[in-house]
Amino acid sequence: MADYGRASIDYIAENTHFATNVTYQQHQVTREIRANSLGKYPGFRGCTIWFTGFSGAGKTTIAFALEQKLCELGLPAYGLDGDNMRHGVCINLGFSMRDREENIRRVAEVSKLFADSGIICLSSFISPFVKDRMQARLIHEMSGLMFIEVHVSTSLSVCEARDAKGLYAKARAGAIPGFTGIDSDYEPPEQPELNIDAGEETPEQSVQHVLDYLYKKKVIPETAMQELRERKTGVQADKLKHDCTQNGHSSEA
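Residues numbered from 1 in each chain as written. Predicted model: local features only at pLDDT ≥ 70, side-chain atom pairs only at ≥ 80, totals over all residues. Heavy atoms only, no water.

As named in an unreviewed UniProt entry, the protein chain is Adenylyl-sulfate kinase, taken from Plectus sambesii. A UniProt comment under Catalytic activity (unreviewed entry) is attached to the protein chain, and it reads "adenosine 5'-phosphosulfate + ATP = 3'-phosphoadenylyl sulfate + ADP + H(+)". (UniProt positions renumbered as here; feature names shortened; annotations may be inferred.)

As structure tokens, then:
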């Protein structure tokens, strides 16, 4: 992991001189106490999983599928999507360099609040610049919260071929200036916690990679992971039985 000391100092210097006459108020409820009132399992599990990559890479598809899976297991999770945030918290921001930086700052602060409350926050944002993602990480690490960067490294060619929203076509036509990957750079993470190429695997496989990592980091407890394995085994057994029935064969020996 890179040394964020200098960046931390710079971040604090750049972001603490606007608000005056304010005093941070400490909560009386600890993270552990709050966590024990959430979900199915005791213990604090709050963290932020930050999905970064080109538009159309599959970030939100993975995050929302993961959100569903975690909530089914009794692990509170919430997905934050770039478009959704720009309908509310970031509605007054455009796509200039300064606005993009502020967009990620706001998102990181919101993500931190979710994580601090004990929820697994799934943040899906192009977030093309290393500096902005570093600040998002620092916002969490300075509060003692886990920040997991996931590079959804689907290639630009695959993303442009998908073009589900028609944005690449508009960008190529010059209708969307400063579009990431077309006429604005994307700076890939050098050391993400996870790298997922969603152009080479299914969403289910991508979600499993994240689940395995969360289990390794003890965010997902053993009992929940066992439940997940049993569900998967049950689904596979049901599918085998269905296939045998469709083919006119009994699954009974």
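Having put the structure on the table, let's press on.
Draft legend 1. Expanded view of the packing of aromatic side chains. The full count for this structure, using the stated rule, is five aromatic pairs. Summarising the aromatic geometry, the rings of Trp50 and Phe147 are spaced 5.8 Å apart at their centres and angled 35° between planes, so their arrangement reads as tilted. Taken together, the residues Trp50 in strand E1 (residues 47–52) and Phe147 in strand E4 (residues 146–152) connect sequence positions 97 residues apart. For the residue pair Trp50 and Phe147, the accessibility class agrees, reading buried in each case. Aromatic ring contacts, followed pair by pair, group Trp50, Phe125 and Phe147 into a single cluster. The ring centre of Phe95 lies 3.9 Å from the NZ or CZ of Arg86, which sits over that ring. Against the face of Tyr215 rests Arg229, its NZ or CZ located 5.5 Å from the ring centre. (Phe/Tyr/Trp six-rings, centres within 6.5 Å; stacked < 30°, edge-to-face > 60°. Helix = DSSP H or I, 4+ residues; strand = E, 2+ residues; numbered from the N terminus. Buried < 20%, exposed > 50% of the residue type's maximum accessible area, 1.4 Å probe, protein only. Lys NZ or Arg CZ within 6 Å of the ring centre and 35° of its normal.)

Draft legend 2. Fine view of the pattern of salt bridges. Within the structure shown, the criterion is met by 15 salt bridges. The closest approach of N and O atoms between Lys165 and Asp83, which form a salt bridge, is 2.8 Å. One end of the pair, Lys165, is in the loop between helix H7 (156–162) and helix H8 (167–172); the other, Asp83, is in helix H4 (residues 82–85), and 82 residues separate them in sequence. Arg172 is the salt-bridge partner of Glu160, the closest N and O atoms lying 2.8 Å from each other. A residue pair is termed long-range when its members are at least 10 positions apart, and Glu160 in helix H7 and Arg172 in helix H8 qualify at twelve residues. A residue is classified by how much of its surface remains accessible, and Glu160, at 24% relative accessible area, is partly exposed. (Salt bridge = Lys/Arg side-chain N within 4 Å of Asp/Glu carboxyl O.)

Draft legend 3. Highlighting the packing of helix H5 (residues 97–116) against helix H6 (residues 130–141). Here H5 crosses H6 at 25°, and the two axes come no closer than 9 Å. Between H5 and H6, the angle falls in the class roughly parallel. Seen along the crossing, H5 lies across H6 with a hand that is right-handed. From H5, Arg100, Glu101, Ile104, Arg105, Ala108, Glu109, Ser111 and Lys112 reach across to H6, where they touch Lys131, Asp132, Gln135, Ala136, Ile139 and His140. (Axes fitted to C-alpha atoms, helices over the stretch in contact; angles between N-to-C directions. Parallel < 35°, antiparallel > 145°, perpendicular 65-115°, else oblique. Left-handed = near helix turned anticlockwise from the far one by under 90°. Contact = heavy atoms within 4.5 Å.)

Draft legend 4. Seen up close, the sheet that holds E4. Strand order in the open sheet formed by five strands is E2-E3-E1-E4-E5, with parallel pairing between adjacent strands. Because the sheet does not close on itself, it has two edges, and the strands there are strand E2 (77–81) and strand E5 (194–196). Between one strand and the next, the sheet's axes are offset by a mean angle of 20°, whatever the strand orientation. Looking at chain direction, E4 and E5 are connected through three bridges and run parallel. Within the sheet, the bridge partner assigned to Val152 lies in E5 and is Ile196. (Pairing = 2+ DSSP bridges.)

Draft legend 5. Representation of the side chain of Asp132 within the structure. With respect to the helices and strands, Asp132 occurs in helix H6. No salt bridge is formed by the buried Asp132; the nearest opposite charge belongs to Lys131, separated by 5.9 Å. Ignoring anything within four residues of it in the chain, the contact list for Asp132 reads Arg100, Glu101 and Ile104. (Lys, Arg positive; Asp, Glu negative; His and termini not counted.)

Draft legend 6. Seen up close, the pairing of E2. Across the five residues of E2, four count as buried, placing the element largely inside the fold. Of the strand pairs in this sheet, E2 and strand E3 (residues 120–124) are connected by five bridges, and their pairing is parallel. In the sheet register, Ala77 faces E3, and the bridge partner there is Ile120.

Draft legend 7. Structural detail: the pairing of E3. A large share of E3 lies buried, amounting to five of its five residues. The side-chain alternation of E3 yields two buried faces, one formed by Ile120, Leu122 and Ser124 and the other by Cys121 and Ser123. Two strands pair when backbone bridges link them, and E1 and E3 are joined in this way by five bridges, in the parallel orientation. Across the sheet, the residue bridging to Thr48 is Cys121, located in E3.

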